Structures are given as structure tokens and as C-alpha cells.
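# Reading the structure
Okay, here's what each chain looks like letter by letter:
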Amino acid sequence: MRLIINGEAQTIAATTLSQLLTALDYEGDWLATAVNGELVHREDRDDHALNDNDRIEILTPMQGG
């Protein structure tokens, strides 16, 4: 499936947001995810189906100060 992930086009065999995060080695509860500009809560990632050309944003916290 062709997806736009953090602004970069990629082809990945994932049908749900949860599968995508696993394929990209993203782990942890501190991720923020959005599909086509809509926030997807952690508990909904397993059920959130992806479609060709979806725009996915994956944000991780940064430490610093």
C-alpha cells in the first residue's frame, strides 16, 4: 500500500495503523498518530484501517530543556 508517512511516500504492507507502527518499529504509549489530519487514539489503532494515499503523521516526544 502506498502511504505518505511524515511527508514521505512509502510502500508498506500494512492494513491498520497498528500494523504500520509495528512495521516501522515504533513502540510505546507516548506516540501521537494522525491519519489524514484526524487524531487516532492509541486504543483505536488496531481497528483503524488504512487506504492507499493516506497521510500518516507519527510524532514522538523529545527530551530536552
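Right above here is the structure, for reference.
Now for a quick tour of the structure. Every value quoted in this text rests on a predicted model; they were computed, and no experiment measured them.

### Quick look at the sheet that holds strand E1 (residues 2–5)
- A sheet is described by the order of its strands in space; here 5 strands give the open sequence E2-E1-E5-E3-E4, paired in mixed fashion. Two strands close off the open sheet at either side, each with one partner strand: strand E2 (8–11) and strand E4 (38–40). Pairwise comparison of adjacent strand axes, ignoring direction, gives a mean angle of 35° for this sheet.
- Bridge count for E1 against E2 is 4 bridges, and the pairing is antiparallel. Bridge assignment links arginine 2 to a residue of E2, and that residue is threonine 11.

### Examining the pairing of strand E3 (residues 32–35)
- Bridge count for E3 against strand E5 (residues 55–59) is 4 bridges, and the pairing is antiparallel. Residue pairing in the sheet places alanine 34 in a bridge with glutamate 57 of E5.
- Across 3 bridges, the pairing between E3 and E4 is antiparallel. Residue pairing in the sheet places alanine 34 in a bridge with leucine 39 of E4.
- Two successive antiparallel strands, E3 and E4, enclose a turn made up of 2 residues, where asparagine 36 displays a positive phi of approximately 50°.

### Some words on the nonpolar core
- Within the largest apolar cluster, 13 residues are counted, with the highest numbers of intra-cluster contacts made by Ile5, Leu20 and Ile56.
- Elements with a contribution of two residues or more to this core: E1, helix H1 (17–23) and E5.
- Per-element accounting of this core gives the leading share, 3 residues, to H1.
- Excluding anything up to four places from it in sequence, leucine 20 contacts Leu3, Ile5, Ile12, Ala14, Leu50 and Ile56.

### Overview of the environment of aspartate 44
- Checked against the element boundaries, aspartate 44 lands in the loop between E4 and E5.
- Exposure remark for aspartate 44: the relative accessible area of 36% places this residue in the partly exposed category.
- Sequence spacing of aspartate 44 and isoleucine 12 is 32 residues, and the spatial spacing of their C-alpha atoms is 20 Å.

### Observations concerning the side chain of aspartate 54
- Structurally, the position occupied by aspartate 54 is in the loop between E4 and E5.
- Buried charge aspartate 54 goes without a salt bridge, the closest partner of opposite sign being arginine 55 at 9.3 Å.
- In this structure the side chain of aspartate 54 is engaged in a polar contact, spanning 2.9 Å, whose partner is the side chain of asparagine 36.
- At 2.8 Å, the side chain of aspartate 54 forms a polar contact with the backbone nitrogen of asparagine 51.
- For aspartate 54, the residues in contact, after removing those within four places along its chain, are Arg2, Leu3, Ile4, Val35, Asn36 and Ala49.

What counts and how
- All chains use their own residue numbering, which begins from 1 and follows the written sequence.
- With the structure being a predicted model, the display of local features is reserved for residues of pLDDT at least 70 and the display and counting of side-chain atom pairs for 80 or more, all residues being used for whole-chain, interface and lining totals.
- Side-chain descriptors were evaluated using all non-hydrogen atoms of the structure, hydrogens and water having been removed beforehand.
- Between any two strands, at least two bridges found by DSSP are needed for them to pair.
- Numbered from the N terminus, helices here are DSSP runs of H or I no shorter than four residues, and strands are runs of E no shorter than two.
- Note on definitions: angles span 0 to 180 degrees between N-to-C directions of axes, and those axes are lines fitted to C-alpha atoms, for helices only across the stretch in contact.
- Only buried residues count toward a nonpolar core. Its members are Ala, Val, Leu, Ile, Met, Phe, Trp, Tyr and Cys residues joined through side-chain atoms within 4.5 Å.
- Exposure classes here rest on a 1.4 Å probe applied to the protein chains alone. A residue is buried below 20% of its type maximum, exposed above 50%, and partly exposed in between.
- We call two residues in contact when some of their heavy atoms are within 4.5 Å.
- Residues scored as positive are Lys and Arg, those scored as negative are Asp and Glu, and His as well as the terminal groups of each chain are ignored.
- Salt bridge, as used here: a side-chain nitrogen of Lys or Arg that lies within 4 Å of a carboxyl oxygen of Asp or Glu.
- Pairs of N or O atoms are called polar contacts if they sit within 3.5 Å, as long as, within protein, a hydrogen donor faces a hydrogen acceptor (for residues adjacent in sequence, only side-chain-to-side-chain pairs).

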